[in-house]
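# Structure at a glance
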Amino acid sequence: MSGGGGPSLMDSLFQRTLDDLIKGIRLHLPGAPQSSFISKSLDEIRREIKSTDLQTKSTALQKLTYLHSLHGIDMSWAAFHAVELTSSPSFLHKKTGYLAASLSFRPSTDVLLLLTNQLRKDLSSTNQHEVSLALECLSVICTPDFARDLTPDIFVLLTSSKSFIRKKSIACLLMVFSQYPDAVRVCFKRLVENLESGDSAQTLAATVSVFCELASKEPRSYLPLAPEFYRILVESRNNWVLIKVLKIFAQLAKLEPRLAKKVVEPICDHIKRSEAKSLVFECVRTIVSSFHEYEFAVKLAVAKIREFLLDSDLNLRYLGLQGLLLVAPNHLWAVLENKEVVIKSLSDVDRNIKLEALRLVMSMVSDDNVVEICRVLIGYALKSDPEFCNEILRSILSTCSRNVYEIIIDFDWYVSLLAEMARIPHCQNGEEIEYQLIDIGMRVKDVRPELVRVGRGLLIDPALLGNPFIHRILSAAAWVSGEYVQFSRNPFEIMEALLQPRTNLLPPSIRSVYIHSTFKVLSFCLHSFLFPKKEVNSLLSDNDIEPGFTYSESEQEFTETDQATSSSAFQKRDTFTQESIDNVLTLVITSLTPLVENHDVEIQERVRNVLGLAQLAQKDISSHHDQKEKMVDKMDLKVSIIIRLINDALSEDFGPIPFNAQERVPIPDGLVLEENLSKLDSICADVPLPKSESFSLLKPINLPTDGDSISNQHNEEESETSAAESMSLLAEHRKKHGLFYLSSNDNKNASSSFPPANDPSQRDNDMEDLVKLTEESLVLKRKPNLSRPRPVVVKLDEGDRLPIIVKKTDENDDLISGAVRDVLLGNETSLHSNNPSGRRKGKTSSKDKVENSETSNSSKRRSKHRNHGNNVDKKEEISEKSKQKSGGRHRARRRADGDIDVAVQKPVIPDFLL
Amino acid sequence: MIRAMIVINNQGKPRLSKFYNYTPVDQQHQVIRSIYSVLCLQPENVSNFIEGGSILGPDSRLVYKLFATLYFIFVFDSSENELAMFDLIQVYVETLEKCFSNVCELDIVLNYSKMHTILDEMILGGQVVETNSEKVMQAVEEISKLEKVTAATKFISKSTSLLWG
């Protein structure tokens, strides 16, 4: 019976069955014993499967399929055996073969095409279960080749007299369409017929499901079928069918607003009548997401949602909350009405419910309640489990930062909230908080004093250094304290905090931020000491050390612009004594000297920078101190010059500028863009915009981790990839390059030199070319950024991210919908000749070829009667019949208003709807 | 559409898995493992839905129901109704109950192919084709009969020829 490595007779007779295999696996302990048993069985299977006896082969394949599916054993090598078994006359073998194929075949399986003939044979079998096997297998392993070759066979099955076969072939059709869109041209009208013939609920359910799937990808093509769906919505009592029809209407209603008026009542009827929660929920969801402008319907839906919310079944409560979340954007009252339930749900045991409740709470947030809501939520966060606590923090962070902190009015409050979050024990959102602290520092000038105060609070707390989750926040605090040290009440205190011994708990990257901040603080202290404010100008003129010296300017600038500084500046003048400076230098030198040999190069480099400065200063200042009597002026010291230069570099309050910043400057009122500027725009459009992710480059650029200290500023300026900019930078830039800017005659913005908001209409005209250009390159133009009432927030690109690319239908979907349109609009004659009955009302199909659509639009309207393939005087007949139907709700409406927004090149879809 | 139907026991062992979009088997197992890692942490008496975005890709949801030691899981997208999927689990389990009367995990372990047969009668290509457990049963019984016919004749028609071609 066998030769070579084939199975012996004994093998066949005493072959283990699948049951034996399963029991055997269960007998062996998981781990090594089990896997050795499996590999032993696999050896047996390899032998048995070569048997010429189909029963032996079938059993072997069965076992292999089992091992494959549940134990992940590879069985691609056995593909041919599966194909072989499908052709067995025995049903059991055939079934085994098909099961193996559908569970293990992949598009790349080489023997795939060998199955085509067998599938065809079985699809036309008289045994409905054989047909069903083939359909099932095809629905899983379908490839374009299969779909192309077998479309005719499935086409035949679509009119099978057995609904058992029909429903399965319909379900299988979806896969065939997606693999081979041309199949739509062949099969679509039969699919539509199945929609109309209501002889089997399951067939109808399968058909509607297929339409639901198709419509979810590209709804427009199915608009002409709306009357048919409407009929089903009104007539069907099958919940499965109704749910799918509702989903279809949810899609169609987006395209055809007039549909809503028609279907909203039947949907409400279903809500009132139905016992099935699934159907009720689907009705509610459809109403609140697609028909929210119908007040009475929404009220009914919200009432149902309330029932759900109060139900004892957690699933219903969860879905109720979900429903409420869908209502929220358009009908916030519904949420407010159920506020208690929502808030109570925040402390539910069920995580799903908690999360939904959290989302709902966040949906209620507005600029006047954000403080209150955040306070409540932080309270919940403190008593929640870590996971949910972080979920809450994440929601707060994302909601508050949405659209460039749109809802935040009191930034001092928000900054202290961020610091408060850092102190919540479970907080794991360090990264986001770090980002926001720095981001706010750069965007909102007025908040910097508070930011420094908050940063100080975090830095001086040694306990926080022990929690790795908030190291990132500390990093932000250190950066802020260094960058905006001029707002600090006590820079020496910050210096101590930055140099405290426990900083050795920080990872090197953050430690280097600390050290760099030390550098900034030190240079600030030295500067304040060497150049007490009052004397600067007089000294300058007296000594004439550096004509054109710019430092005093910038110093004055920030003292003038920021009121807060002046108060602390007074204090500082007394603070920076010889003694305190000596102390701080000693502190720096003693704390940092051990780090000179640190393993981390970043740390080492920064430490050397700081030490270099500190030692130089110490030497100069102490020697100067000794020679006090000689009255050598401080300004003469070598260190003075250096400090001035350094401070010069550091004190510039610049954020990085995006290379396409020019493009983003709002265009002033009444501005007519000159030709040369529009040329400039078109040139800019050729430059690829950075991906939206790269807009978050703030961090790497502003943390002084990326370059050495002094040139850091230059890095920032030169950085092309950076996406952030500060208002002052723009202002500065405008000063320098004033001639490239058009004078602004309207100063709405707080920053007087910032160009005011644009005139949208003006912009539209000028932008036409640009829009075209950008459309071509798939980068859509952002809408102009109107200036907002809180000009203190520098709004950057983030508020204006590159538009999310509209869900792209894949090529096949386009092909499918194209084919559907052809069938529905183009070939309707043949469609009708194939229709077996004319009994149905609400028949919908275009009576016109695409090319006729323009002329016949006005006569195309909902026809409730089947046109029995009678093409003569078609239009007249339709309009007549539609008039007959126009009594009651079914009012014929002209399409003259043409409110379907059809894309230019698409055929106009006629109005059958009303 | 329905993306997958999975049965796993409360120790995470898969008992049945059927994916309606082609998914390599190792990926299937990975999905099953991550689903289990979520399910096993679910406390009792909570809602039976899980948002599957992180495990199962965008627009996917998961509904499960625990019967004795077994989780019955459906993975689906927004074209399906959550509560309807819940009902579908019920139909499936009802059918199993009719098949095995007092169904327990062992029945399910030992009747691997029957589990598939039942499932295939209810869902094809990710679409629900039958929701009436009576009708599912009827079809399953017919299929069993067909299988038995062949099993009985296997010794008679022991063919040595390959039937391919």
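Chain B carries the name AP complex subunit sigma in an unreviewed UniProt entry, which gives Deinandra increscens subsp. villosa as its organism. Its UniProt record gives chain B a comment under Subcellular location (unreviewed entry), which states: "Endomembrane system". Within the UniProt record for chain B, the comment given under Sequence similarities (unreviewed entry) is "Belongs to the adaptor complexes small subunit family."

Looking up chain A in an unreviewed UniProt entry gives the name AP-3 complex subunit delta, with the organism given as Deinandra increscens subsp. villosa. Here chain A is described in UniProt, under the heading Subunit (unreviewed entry), as follows: "Adaptor protein complex 3 (AP-3) is a heterotetramer." Looking at chain A in UniProt, the text filed under Sequence similarities (unreviewed entry) is "Belongs to the adaptor complexes large subunit family."

Further remarks concern the overall build of chain A. Of the regular secondary structure elements, chain A holds 45 helices and zero strands. Burial status across chain A gives 57% buried among its 914 residues. Long-range pairs, those at least 24 residues apart, make up 71% of the contacts in chain A with a sequence separation of at least 6. Surface exposure of chain A reaches about 38600 Å², of which carbon and sulfur atoms provide 53%.

What follows concerns the overall build of chain B. A tally of regular secondary structure across chain B gives six helices and seven strands. Helices and strands appear in chain B in the N-to-C order β-β-α-β-α-β-β-α-α-α-β-β-α. In chain B, which comprises 165 residues, the proportion classed as buried is 56%. Of the contacts formed within chain B by residues at least 6 apart in sequence, a portion of 50% connects residues at least 24 apart. Accessible surface, chain B as shown: approximately 6800 Å² in total, 53% of it carbon and sulfur.

Here the focus is helix α27 (residues 471–483) of chain A. Residues and elements named next belong to chain A. Taking 1.5 Å as the rise per residue, α27 with 13 residues should run 18 Å; its terminal C-alpha atoms sit 18 Å apart, in good agreement. A large share of α27 lies buried, amounting to twelve of its 13 residues. Taken together, the buried positions of α27 are occupied by H471, I473, L474, S475, A476, A477, A478, W479, V480, S481, G482 and E483.

This brings us to the sheet that holds strand β5 (residues 70–76) of chain B. All names here are of chain B. Pairing in this open sheet of five strands is antiparallel, and the strands run β2-β1-β5-β4-β3 from one edge to the other. On the outer flanks of this sheet lie β2 (14–19) and β3 (49–51), each paired with one strand and no other. This sheet shows a mean twist of 15° between the axes of neighbouring strands, independent of strand direction. Both strand β1 (residues 2–9) and β5 contribute to a ladder of seven bridges, which runs antiparallel. From the neighbouring strand, M5 faces β5, where its bridge partner is F74.

What follows covers the packing of aromatic side chains. Residues and elements named next belong to chain A. Enumeration according to the criterion identifies 17 aromatic pairs over all chains in this entry. Ring geometry for Y405 and F411: centres 6.0 Å apart, planes at 70°, overall edge-to-face. Each member of the pair, Y405 as well as F411, is classed as buried. Among the aromatic side chains, those forming a connected cluster through ring pairs are F188, F211, Y222, F229 and F249. The ring of F388 carries K354 above its face, with NZ or CZ at 4.7 Å from the centroid.

All names here are of chain A. Running from N to C, helix α6 (residues 91–104) and helix α8 (residues 128–141) point in directions that differ by 10°, and their axes come no closer than 9 Å. The pairing of α6 with α8 is recorded here as roughly parallel in orientation. Counted together, F91, K94, K95, Y98, A101 and S102 of α6 and H129, E130, L133, A134, E136, C137, V140 and I141 of α8 form the full contact between these two elements. Looking at side-chain class alone, the contact of α6 with α8 contains eight nonpolar, two polar and four charged residues.

Quick look at the pairing of β5 of chain B now. Residue and element names in this part refer to chain B. Most of β5 sits inside the fold, with seven of its seven residues counted as buried. The alternating pattern of β5 places L70, F72, F74 and F76 and Y71, I73 and V75 on opposite faces, both of which are buried. Count of turn residues in the strand β4 (residues 61–67)/β5 antiparallel hairpin: two residues, of which A68 carries a positive phi of about 50°.

Every contact between the two is made by 75 residues of chain A and, on the other side, 61 residues of chain B. For the chain A and chain B pair, buried surface summed over both sides reaches about 6000 Å², with 59% attributable to carbon and sulfur atoms. Area buried by chain A at its contact with chain B is led by L70, W240 and N315 of chain A, which between them contribute 12% of it. Connecting chain A to chain B are seven salt bridges. With its nearest N and O atoms 2.9 Å apart, the salt bridge here joins E136 of chain A to K18 of chain B. The interface formed by chain A and chain B includes 30 residue pairs in polar contact (both at pLDDT 80 or more). The element that contributes the greatest number of residues to the side of chain A that touches chain B is helix α4 (residues 54–71) of chain A, accounting for nine residues.

Let's shift gears to the environment of C427 of chain A. All names here are of chain A. As for its position among the elements, C427 is in the loop between α24 (411–422) and α25 (430–443). A relative accessible area of 0% places C427 in the buried class. It is 6.0 Å that separates the C-alpha atoms of C427 and N390, two residues lying 37 residues apart in sequence. Residues contacting C427, with those up to four places away along its chain left out, are N390, L393, M421, I433 and F469.

A word on the pairing of β2 of chain B. Within β2 of chain B, six of the six residues are buried, which leaves it mostly tucked inside the rest of the structure. The hairpin turn running from β1 of chain B into β2 of chain B, its antiparallel successor, is four residues long, and G12 of chain B in that turn takes a positive phi close to 90°.

Applying the stated rule across the entire model yields 42 salt bridges over all chains. Linking E130 of chain B and K167 of chain A is a salt bridge whose minimum nitrogen-to-oxygen distance equals 2.7 Å. Separated into two different chains, E130 of chain B in the loop between β7 (127–128) and α6 (133–153) and K167 of chain A in helix α10 (residues 163–179) make up a pair that spans both. Of the two residues examined, E130 of chain B and K167 of chain A, each falls in the buried class. Here R185 of chain A ties to D182 of chain A by a salt bridge, and the two come within 3.5 Å at their closest N and O atoms. Owing to a relative accessible area of 41%, R185 of chain A belongs among the partly exposed residues under this scheme.

Here we come to helix α13 (residues 226–235) of chain A. All names here are of chain A. Among the ten residues that make up α13, eight are buried, leaving the element largely enclosed by the rest of the structure. Those residues of α13 not exposed but buried are A226, P227, E228, F229, Y230, R231, I232 and L233. Residues of α13 that are buried in the fold lie against α11 (183–196), α12 (201–217), α14 (239–255) and α15 (257–273).

Residues and elements named next belong to chain A. Look at helix α28 (residues 491–499) against helix α33 (residues 578–592): their axes get within 11 Å of each other, and the N-to-C directions meet at 10°. Classified by the angle between their axes, α28 and α33 sit roughly parallel to one another. Two secondary-structure elements touch here, α28 through F492, M495, E496 and L499 and α33 through S580, I581, V584, L587, V588, S591 and L592. Each residue belonging to the contact of α28 with α33 can be placed in one class, and the counts come to eight nonpolar, two polar and one charged.

Right, let's get into the confidence of the model for chain B. All names here are of chain B. With 90% of its residues at a pLDDT of 70 or more, chain B has an overall mean of 86. In this model, residues 154–165 is a region of pLDDT below 50 whose contacts with residues beyond four sequence positions or in other chains number 15 contacts. Per the prediction output, this complex has pTM 0.69; the corresponding ipTM is 0.91.

A word on the side chain of S88 of chain A. Of note, S88 of chain A is situated in the loop between α5 (79–86) and α6. Within polar-contact distance, the side chain of S88 of chain A engages the backbone nitrogen of S90 of chain A at 2.9 Å.

This part is about the state of the cysteines. Joining two cysteines, a disulfide is a covalent bond between their sulfur atoms. All names here are of chain A. Tallied over the entire structure, the rule returns zero disulfides over all chains. Between C172, a free cysteine, and C142, which holds the nearest cysteine sulfur, the sulfur-to-sulfur gap is 6.4 Å. Of the cysteine sulfurs around C374, a residue in no disulfide, the closest is that of C400, at 4.1 Å.

Low pLDDT marks regions whose predicted coordinates should not be analysed in detail. Residue and element names in this part refer to chain A. Per-residue confidence for chain A gives a mean pLDDT of 74; residues scoring 70 or more make up 65%. Segment residues 690–726 is flagged for pLDDT under 50; beyond a separation of four residues in sequence, or across chains, it makes 109 contacts in the model. Per-residue pLDDT stays below 50 along residues 738–789; that stretch engages in 92 contacts with residues further than four places along the chain or on separate chains.

Thresholds applied
Residues numbered from 1 in each chain as written. Chains lettered and ligands numbered in written order. Predicted model: local features only at pLDDT ≥ 70, side-chain atom pairs only at ≥ 80, totals over all residues. Heavy atoms only, no water. UniProt positions renumbered as here; feature names shortened; annotations may be inferred. Helix = DSSP H or I, 4+ residues; strand = E, 2+ residues; numbered from the N terminus. Buried < 20%, exposed > 50% of the residue type's maximum accessible area, 1.4 Å probe, protein only. Contact = heavy atoms within 4.5 Å. Areas by Shrake-Rupley, 256 points an atom, 1.4 Å probe, with all protein chains shown as cover. Expected span 1.5 Å × (residues − 1). Pairing = 2+ DSSP bridges. Axes fitted to C-alpha atoms, helices over the stretch in contact; angles between N-to-C directions. Phe/Tyr/Trp six-rings, centres within 6.5 Å; stacked < 30°, edge-to-face > 60°. Lys NZ or Arg CZ within 6 Å of the ring centre and 35° of its normal. Parallel < 35°, antiparallel > 145°, perpendicular 65-115°, else oblique. Nonpolar A, V, L, I, M, F, W, Y, C, P; charged D, E, K, R; others polar. Buried area = accessible area lost by both parts, 1.4 Å probe. Salt bridge = Lys/Arg side-chain N within 4 Å of Asp/Glu carboxyl O. Polar contact = N/O pair within 3.5 Å; in protein donor to acceptor, adjacent residues only side chain to side chain. pLDDT = per-residue confidence, 0-100. Disulfide = S-S within 2.5 Å.

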